[in-house]
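Structural characterization, general
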Amino acid sequence: MMKPGRWLSVVILGLVMVYVAAAGAAMSAGSDNRPEALASPASFSGISNTSRRSAAYFTELGKVLTNPRCTNCHPVGDRPRQGDMSRLHQPAVFRGKDGFGLTTMRCSTCHQSANFDPGRMPGNALWHLAPLEMAWEGKTISQICEQIKDPHRNGNRSLHDLIDHVGKDTLVGWAWAPGFGRKPAPGTQKEAGALVEAWVQSGAACP
Amino acid sequence: MTKLALTINGHAHGPVDVRDDLTMNDYLRESLGMTGTKFGCGAAQCLSCVVIVDLPDGTSHTNPTCVVSAASFDGKKIRTIEGHATGGQLTVLQKAFIEHFAFQCGYCTPGFINEGQVLLERLARTPIARADLETTIADALDGHLCRCTGYVKYHEAMRDVILADPGRFLKGA
């Protein structure tokens, strides 16, 4: 029969092993930068009601629109957010009159024409904040859907314009190639564009 | 590799081949031995690494060097902390920083000097009202981190330089 002291050692060792395994799993999850999948429009063909199918397209697209890669630069205030946790941008930078930063600290000061991974710096030639009226931060998918259809709150775009904006715009496309240490938006830009197109063609219904 | 040619403190450098992954900070400090530009956080958050970029239109701004490539400075004109004093004579701003003992360890000072110099040149082009001075200085120096907490002294030094020459920096003075 095992002595009580030996039992205690076994229990402690077991707890340590569980802790190590859990910590390892957590670290693994935190460093997993593989993109989530995005369902194709065809996968919604089982929904016979056109309006419901259209809303389902947008709900799926919502995985992209509410992703930090998108919402960080569609903030409700004058400061962008950054990272997968959407913390306020450091250093403290501000929107400025044109969305490209203040005179004293333009976005392009650090964010150049492409990602610069040695400096962990994301980049795109058009790096800037979405206008305040296009803020998505903190909104539900339904609210974003109504907003994105409104030319006054979507950059004066038609529904058809949205297909190209999401599917082909290079700054939007950065969300799928965000550089070292950042998790890409779900799916691919082409898949996201296909969802927008299917949503528009099915009546642009909102969930 | 990319060709890099730029002007630093009025002197032409290059063209030289630089690695695409070489940061501007490493180029200055390691390739040129210009260690006045500091490497702090490495994430453009402390701004001890900023240099002044002079634009063709006569304006200037500071630019972090730790997070951007050296190659991105091709064709640009920049100033580093080594370029402020001339003939062994410190600038008015440098003297003011000393008089106020604005720095302690001094690591952040090159960044503050560069930022302060950009502000002085901006005010010389576009003077402001006296009432806006405190906010203007605070906004300009905002973002620069000083672990010795010399913020007030930096601010006061800037204010002294500006108030010492109100006709140049302030409207209606």
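Residues numbered from 1 in each chain as written. Chains lettered and ligands numbered in written order. Predicted model: local features only at pLDDT ≥ 70, side-chain atom pairs only at ≥ 80, totals over all residues.

1. Brief notes about the overall build of chain A
Quick note on the threshold: Helix and strand assignments follow DSSP, with helices taken as H or I runs no shorter than four residues and strands as E runs no shorter than two, numbered in order from the N terminus. With C-beta atoms placed from the backbone, a residue is labelled by how many other C-beta atoms lie within 10 Å of its own: buried for 20 or more, exposed for 12 or fewer, partly exposed between the two. Here, residues touch in the contact sense if the C-beta positions derived from the backbone fall within 7 Å of one another.
Of the regular secondary structure elements, chain A holds seven helices and six strands. In chain A, the succession of helices and strands from N to C terminus is α-α-α-β-β-β-β-β-β-α-α-α-α. Each of the 207 residues in chain A was classed as buried or not, and the buried ones make up 29%. Taking contacts inside chain A between residues at least 6 apart in sequence as the whole, the part at least 24 apart equals 62%.

2. Considerations on the nonpolar core
Heads up, the rule is: In this description, a nonpolar core means buried residues of the types Ala, Val, Leu, Ile, Met, Phe, Trp, Tyr and Cys, linked to one another by C-beta atoms lying within 7 Å. Just so you know, the domain bounds were taken from an automatic or database domain assignment.
In this structure, Val67, Ala70, Phe97, Ala157, Met158 and Val161 of chain B are the most contacted members of the largest nonpolar core, which totals 46 residues. Those elements that provide at least two residues to this core are strand 1 (2-8), helix 1 (24-31), strand 3 (51-54), helix 2 (92-99), helix 3 (109-125), helix 4 (133-141) and helix 5 (151-163) of chain B. By residue number, the principal contributor to this core is helix 3 of chain B, which donates six residues. Summarising the domain contributions, this core has at least three residues from each of domain 1 (2-83) and domain 2 (92-169) of chain B. The contacts of Val161 of chain B, once residues within four sequence positions are left out, are Val92, Leu93, Ala96 and Leu120 of chain B. Grouped together as the second largest cluster of nonpolar side chains are 26 residues, Ile144, Leu162, Ala192 and Ala198 of chain A included.

3. What to know about helix 5 of chain B
Rules: Given a helix with a known number of residues, its expected span is that number minus one, times 1.5 Å.
Across its 13 residues, helix 5 of chain B extends 18 Å between first and last C-alpha, which sits within 8% of the 18 Å expected from 1.5 Å per residue. All of the buried residues along helix 5 of chain B are Lys153, Tyr154, Ala157, Met158, Val161 and Ile162 of chain B.

4. Description of the pairing of strand 6 (residues 121-124) of chain A
All names here are of chain A. How we decide: We call two strands paired when DSSP finds no fewer than two bridges between them.
Side chains Met121 and Gly123 project from strand 6 onto one buried face, and the interleaved Pro122 and Asn124 project onto a second face that is buried too. Where strand 5 (residues 114-116) lies against strand 6, two bridges are found, and the strand directions are antiparallel. In the strand pairing of strand 6, Phe116 is matched with Met121. Following strand 5, the chain reverses through four residues before pairing antiparallel with strand 6; Arg120 in that reversal takes a positive phi of roughly 55°.

5. Points about the sheet that holds strand 1 of chain B
Residues and elements named next belong to chain B. Short version of the rule: To get an axis, a line is fitted to the C-alpha atoms, and for a helix only the part in contact is used. The angle between two axes follows their N-to-C directions and goes from 0 to 180 degrees.
Taken together, the five strands give an open sheet; going across it, the order is 2-1-5-3-4, and neighbouring strands pair in mixed fashion. Each edge of the open sheet is held by one strand with a lone partner, namely strand 2 (11-18) and strand 4 (60-63). Along the sheet, successive strands turn relative to each other by an average axial angle of 35°, direction set aside. Against the sheet, helix 3 makes contact with strand 3 and strand 4, and its axis sits at roughly 165° relative to strand 4, the strand it touches most.

6. Things to note about the interface of chain B and chain A
By a frequent convention, interface size equals the accessible area lost on bringing the separate parts together. For clarity, the threshold we go by: Note that Gly is not counted as nonpolar here; it falls among the polar residues with everything else outside the nonpolar set of Ala, Val, Leu, Ile, Met, Phe, Trp, Tyr, Cys and Pro and the charged set of Asp, Glu, Lys and Arg.
Taken together, the contact pairs 17 residues of chain B with twelve residues of chain A. Its residues placed into classes, the side of chain B that touches chain A shows eight nonpolar, seven polar and two charged.

7. With respect to the domain arrangement of chain B
Residue and element names in this part refer to chain B. Taken as a whole, chain B is organised into domain 1 (2-83) and domain 2 (92-169). Spacing between the C-alpha centres of domain 1 and domain 2 amounts to 22 Å. Contact with domain 1, which involves 15 residues of that partner, is made by 13 residues of domain 2. Mapped by element, the contributors of at least two residues to the side of domain 1 that touches domain 2 are strand 3 and strand 4. Among the elements that make up the side of domain 1 that touches domain 2, the one with the highest residue count is strand 4 (three residues). Looking at the side of domain 1 that touches domain 2 residue by residue, the class counts come to seven nonpolar, seven polar and one charged.

8. What about the environment of Gly111 of chain B?
Residues and elements named next belong to chain B. Looking at where Gly111 falls in the secondary structure, it is placed in helix 3. For the pair formed by Gly111 and Gly36, sequence separation is 75 residues and the distance between their alpha carbons is 9.5 Å. If we skip the residues at most four places from it in the chain, Gly111 touches Leu47, Ser48, Cys49, Val50 and His144.

9. Digging into the pairing of strand 2 of chain B
Regular strands place their side chains on alternate faces of the sheet. All names here are of chain B. Relative to strand 2, strand 1 runs antiparallel, the two being bridged by six bridges. Each bridged residue has a counterpart across the sheet, and for Leu4 the counterpart in strand 2 is Val16. Where strand 1 folds back onto strand 2 in an antiparallel hairpin, the turn is made up of two residues, including Asn9, whose phi is positive at roughly 55°.

10. What to know about the confidence of the model for chain A
Residue and element names in this part refer to chain A. Selection criterion: Confidence of the predictor at the level of single residues is given by pLDDT, which spans 0 to 100.
Summarising the model, chain A shows a mean pLDDT of 87, and 83% of its residues fall at 70 or more. No element of chain A has a lower mean pLDDT than helix 1 (residues 4-30), which averages 47, and none a higher one than helix 7 (residues 189-201), which averages 98. Scored below 50 in pLDDT, residues 16-31 makes zero contacts in the model with residues more than four places away or belonging to other chains.

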